[in-house]
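Next come the chains, spelled out residue by residue.
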Amino acid sequence: MATEEDAPAREVRTHPIDGALLENWQRHLPLIPRPFAEMADQLGVSEDLVLARLTALQQSGIVARVGAVVRPNTLGASTLAAVAARTLDVDAVAERLAGMAGINHVYLRENALNIWFVVTGPDRAYVDATLQAVERQTRLTPLDLRLEEAFHIDLGFPLERHGEPLKHAPVARACASARACDELDRALAQSLTDGLPLVAQPFAAIGRQLALTEAEVIARLEALRDAVILPRIGVIVRHRALGWRSNAMVVFDVEPGKVSAAGQALARVPGINLCYRRTRYADAWPYNLYCMVHARSRSDAFATLADARRAADLEDVPMQVLFSQRCYKQTGALIKPDRKSTRLN
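In this numbering scheme, every chain counts its residues from 1 along its sequence in written order. In keeping with the predicted nature of the model, local features appear solely for residues at pLDDT of at least 70, side-chain atom pairs appear and are counted solely at 80 or more, and the whole-chain, interface and lining totals rest on all residues. Processing note: side-chain calculations cover all non-hydrogen atoms of the structure and skip hydrogens and water entirely.

Looking at the nonpolar core
Alright, step 1. Counting 40 residues, the largest nonpolar core has Phe36 and Leu54 as its most contacted members.
Alright, step 2. Starting at the N terminus, helices and strands are each numbered in turn, a helix being any DSSP run of H or I of at least four residues and a strand any DSSP run of E of at least two. Listed by contribution, the elements that provide at least two residues to this core are helix H1 (18–24), helix H2 (35–43), helix H3 (47–60), strand E1 (63–69), helix H6 (183–194), helix H7 (202–210), helix H8 (214–226) and strand E7 (232–237).
Alright, step 3. Think of a nonpolar core as a cluster: buried Ala, Val, Leu, Ile, Met, Phe, Trp, Tyr and Cys residues, connected wherever their side-chain atoms sit within 4.5 Å. Relative accessible area decides the class of each residue, using a 1.4 Å probe on protein chains only: under 20% of the type maximum gives buried, over 50% gives exposed, and in between gives partly exposed. Phe151, Ala267, Cys291 and Ala301 belong to the second-largest nonpolar core, a separate cluster that totals 24 residues.

Spelled out as structure tokens, the structure:
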């Protein structure tokens, strides 16, 4: 089976401004009426050219969307889950999961527990119903690995051949609960996780769909950003297309009283991404600390992991390294489903 490590990196500099678009605006998209005009001014080109290049990069698969990432379990609910599929059934099971509403990430990883997926929805009941539908349709019982504590939730990738993932800030722990969100916030966030329309005034276009003025859309987005509910608004790239293809989920079995300190230490190590504490099952899956390592080669991934284990005092802690073999689906979270997307069967 061909893996994501075997696939060649896609050409990203088909136009002189592509590199800057991909590198400079992975976060901090200007929240102004004409954001692409501001980007164009900084690049010394026309707004039409910026829109044309972003459209081309999105069509090529290098850019997933221009939009937002939602902090887990703020506007809706989510969980990481996994099933153990027989080798002959892997594609059929993964493709079944990829077709289900609310499942937004599906990966094949190197482990007996081999198909990993993320379930999202407006509330925990929706997530539970999706997990039940997974068991019904695949006859496999999913392991429900709920998020218990987040240490790092942002993610960005440079274009340099030997560059490290972009430097990230620590998770702000108190902000997200400080803002009461309503249905318009959820609808707005869903629009940005689906992707902004690539037009001159994207916030006005979204406002027309939601019966909001352009100014109201921008004000709500600023509030959601400042509350760290939308921790990143910008150009969301597909890291595999940029050459970051040796990607592993690493899981540790840490003493409960030491998880928070270890997670915070891991989150400070360059190259460690998406670091969380999750539900531990003593028998079925005795791991409670998770992180992602994104690298350009396995040797680079193991070097990063070795540094991280030393930094977080995890060298003697039981762990497993699950490299990604194939990505079947990677989209934004489901926050506010429509009637069609609520059908689970």
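Some thoughts on H8
Alright, step 1. The end-to-end C-alpha distance of H8, which contains 13 residues, comes to 18 Å, matching closely the 18 Å that a straight helix rising 1.5 Å per residue would cover.
Alright, step 2. For H8, every residue scored as buried is listed here: Glu214, Val217, Ile218, Arg220, Leu221 and Leu224. End-on view of H8: buried residues confined to an arc of 165°, all on one side of the axis.
Alright, step 3. Residues count as neighbours in contact if any of their non-hydrogen atoms are within 4.5 Å of one another. Those residues of H8 that are buried are in contact with H6, H7 and E7.
Alright, step 4. Phi for Val228, located one or two positions after H8, is positive at around 60°. Here, expected helix span is obtained from the residue count minus one, scaled by 1.5 Å. The directions from the helix axis to the C-beta atoms are what the arc is built from.

Overview of the sheet that holds strand E9 (residues 272–278)
Alright, step 1. Taken in spatial order, the 9 strands make up an open sheet running E5-E2-E4-E3-E11-E8-E10-E9-E6, and their pairing is antiparallel. The two strands at the open ends of the sheet, each matched to only one other strand, are strand E5 (143–145) and strand E6 (147–152). Going from strand to strand, the sheet's axes swing by 30° on average, the running direction of each strand aside.
Alright, step 2. Fitted lines through C-alpha atoms serve as axes, helices being fitted only where they are in contact, and the angles separating the N-to-C directions of these axes extend from 0 to 180 degrees. Against the sheet, helix H4 (residues 90–98) touches strand E2 (77–83), strand E3 (103–109), strand E4 (115–121) and strand E11 (319–330), its axis set at about 65° to E11.
Alright, step 3. Against the sheet, helix H5 (residues 124–138) contacts E2, E3, E4 and E5, and its axis sits at roughly 145° relative to E4. By the convention used here, strands pair only if DSSP detects at least 2 bridges between them.

A word on H6
Every α-helix winds through 3.6 residues per turn, so residues three or four apart in the chain are directed the same way.
Alright, step 1. Taking 1.5 Å per residue, 12 residues should reach 16 Å; H6 reaches 16 Å between its end C-alpha atoms and fits that length.
Alright, step 2. Of all 12 residues in H6, 9 are buried, a share of seventy percent or more.
Alright, step 3. Here H6 has its buried residues at Asp185, Arg186, Ala187, Leu188, Ala189, Gln190, Ser191, Leu192 and Thr193.
Alright, step 4. On its buried face, H6 sits against E1, H7, H8 and E7.
Alright, step 5. Where H6 begins, one side-chain oxygen reaches toward the backbone nitrogen of Leu184, 3.1 Å away; that side chain belongs to Asp182. Here a polar contact is taken to be a pair of N or O atoms separated by no more than 3.5 Å, where protein atoms must pair a possible hydrogen donor with a possible acceptor and residues adjacent in sequence count only if both atoms sit in side chains.

A short note on the environment of Asp48
Alright, step 1. Mapped onto the elements of the fold, Asp48 is located in helix H3.
Alright, step 2. In this structure Asp48 comes out as exposed when scored by relative accessible area, which is 60%.
Alright, step 3. Remark: the alpha-carbon pair of Asp48 and Phe36, spanning 12 residues in sequence, is separated by 8.5 Å.

Describing the packing of H6 against H8
Alright, step 1. Viewed as axis vectors pointing N to C, H6 and H8 meet at an angle of 85°, and their least axial separation amounts to 11 Å. For the element pair H6 / H8, the angle class is roughly perpendicular. Contact residues: Leu184, Asp185, Leu188 and Leu192 in H6; Val217, Arg220, Leu221 and Leu224 in H8.
Alright, step 2. When residues are grouped by polarity, Ala, Val, Leu, Ile, Met, Phe, Trp, Tyr, Cys and Pro land in nonpolar, Asp, Glu, Lys and Arg in charged, and all others, Gly among them, in polar. Partitioning the contact of H6 with H8 into residue classes produces 6 nonpolar, no polar and 2 charged. Reported orientations rely on four angle classes, namely roughly parallel under 35 degrees, roughly antiparallel over 145, roughly perpendicular from 65 to 115, and oblique for the rest.

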